[in-house]
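# Examining the three-dimensional arrangement
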Amino acid sequence: QVRLVESGGGLVQAGGSLRLSCAASGRTFSSYGMGWFRQAPEKEREFVAAISWSGGSTYYADSVKGRFTISRDNAKNTVYLQMNSLKPEDTAIYYCAASKDPYGSNWPLRSSTAVGSWGQGTQVTVSS
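Figured I'd write up the structure that's included with this text. (Residues numbered from 1 in each chain as written. Predicted model: local features only at pLDDT ≥ 70, side-chain atom pairs only at ≥ 80, totals over all residues. Heavy atoms only, no water.)

### Observations concerning the side chain of Ser-52
- One can find Ser-52 in the loop between strand 5 (46-51) and strand 6 (58-60).
- Only 3.2 Å separates the side chain of Ser-52 from the backbone nitrogen of Gly-56, close enough to count as a polar contact.
- Once residues lying within four places of it in the same chain are set aside, the contact partners of Ser-52 are Gly-33, Ser-57, Arg-72 and Trp-107. (Helix = DSSP H or I, 4+ residues; strand = E, 2+ residues; numbered from the N terminus. Polar contact = N/O pair within 3.5 Å; in protein donor to acceptor, adjacent residues only side chain to side chain. Contact = heavy atoms within 4.5 Å.)

### Here's the deal with the side chain of Ser-117
- Positionally, Ser-117 belongs in strand 10 (residues 115-118).
- Taking relative accessible area as the criterion, Ser-117 reaches 3% and is therefore assigned buried.
- Only 3.2 Å separates the side chain of Ser-117 from the backbone oxygen of Val-2, close enough to count as a polar contact. (Buried < 20%, exposed > 50% of the residue type's maximum accessible area, 1.4 Å probe, protein only.)

### Considerations on the sheet that holds strand 3 (residues 18-25)
- Spatial strand order, 1-3-8-7: four strands in an open sheet with antiparallel pairing. Looking at the sheet topology across the chains shown, the edges are occupied by strand 1 (3-7) and strand 7 (68-73). Put simply, the sheet's adjacent strands are angled 15° from each other on average, direction ignored.
- The pairing of strand 3 with strand 8 (residues 78-83) spans six bridges and is classified as antiparallel. Within the sheet, the bridge partner assigned to Cys-22 lies in strand 8 and is Val-79. (Pairing = 2+ DSSP bridges. Axes fitted to C-alpha atoms, helices over the stretch in contact; angles between N-to-C directions.)

### Considerations on the state of the cysteines
- In this structure the tally under the stated criterion is one disulfide.
- Each sulfur in the disulfide pair Cys-22 and Cys-96 lies 2.1 Å from the other. On the S-S bond that ties Cys-22 to Cys-96, the torsion sits near -80°, and the link is left-handed. Taken together, the positions of Cys-22 in strand 3 and Cys-96 in strand 9 (residues 92-102) put the pair 74 residues apart, joining distant regions of the chain.
- Since its relative accessible area comes to 0%, Cys-22 is described here as buried.
- The class for Cys-96 is buried, based on a relative accessible area of 0%. (Disulfide = S-S within 2.5 Å.)

### Re the nonpolar core
- Met-34, Trp-36, Val-79, Leu-81, Met-83 and Tyr-94 are the most contacted members of the largest nonpolar core, which totals 36 residues.
- Contributing elements (two or more residues each) for this core: strand 3, strand 4 (32-39), strand 5, strand 7, strand 8, strand 9 and strand 11 (122-127).
- Once residues lying within four places of it in the same chain are set aside, the contact partners of Val-79 are Leu-20, Ser-21, Cys-22, Phe-29, Met-34, Trp-36, Ile-51, Ile-70, Ser-71, Arg-72 and Cys-96. (Core = buried A, V, L, I, M, F, W, Y, C linked by side-chain atoms within 4.5 Å.)

Spelled out as C-alpha cells, the structure:
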C-alpha cells in the first residue's frame, strides 16, 4: 500500500497557473504508474493525466491537453501536475492516484478501477 499526500491547490484567476504535488510513501514509488483525476461538484470523478513508472510516457485527457503537464521525480517520490491557462471549468478537487499493479500494468492509468491508492485531494478553484 502507498500513502499519497497532495499539495499546491488554491484559488487562481482564469488564465493563471498552479502546480500540484503528490508525495508518496510506503512502497517502491518508482515501480508504479501514477495519475491525476479530478471531481467537480455534482459530477463523477474523471481522468486528467497519467505518467508511466519510468516517466517516459505521458497521457492526457483531451480537455487538458496542451495546458497541463504531468511529471515525476522518482528520487523524491513525487509526482507533479503543472496546470497553465486555467479555466473556470477546471475547478474541482484534484486527486493523485497510484496504479494497483507495477510497471506497465494498467497503462495508461485512466480508469478508477485500476487505481490502488488515492490521495485525500486538493481543491483547485479558478475564478472568471
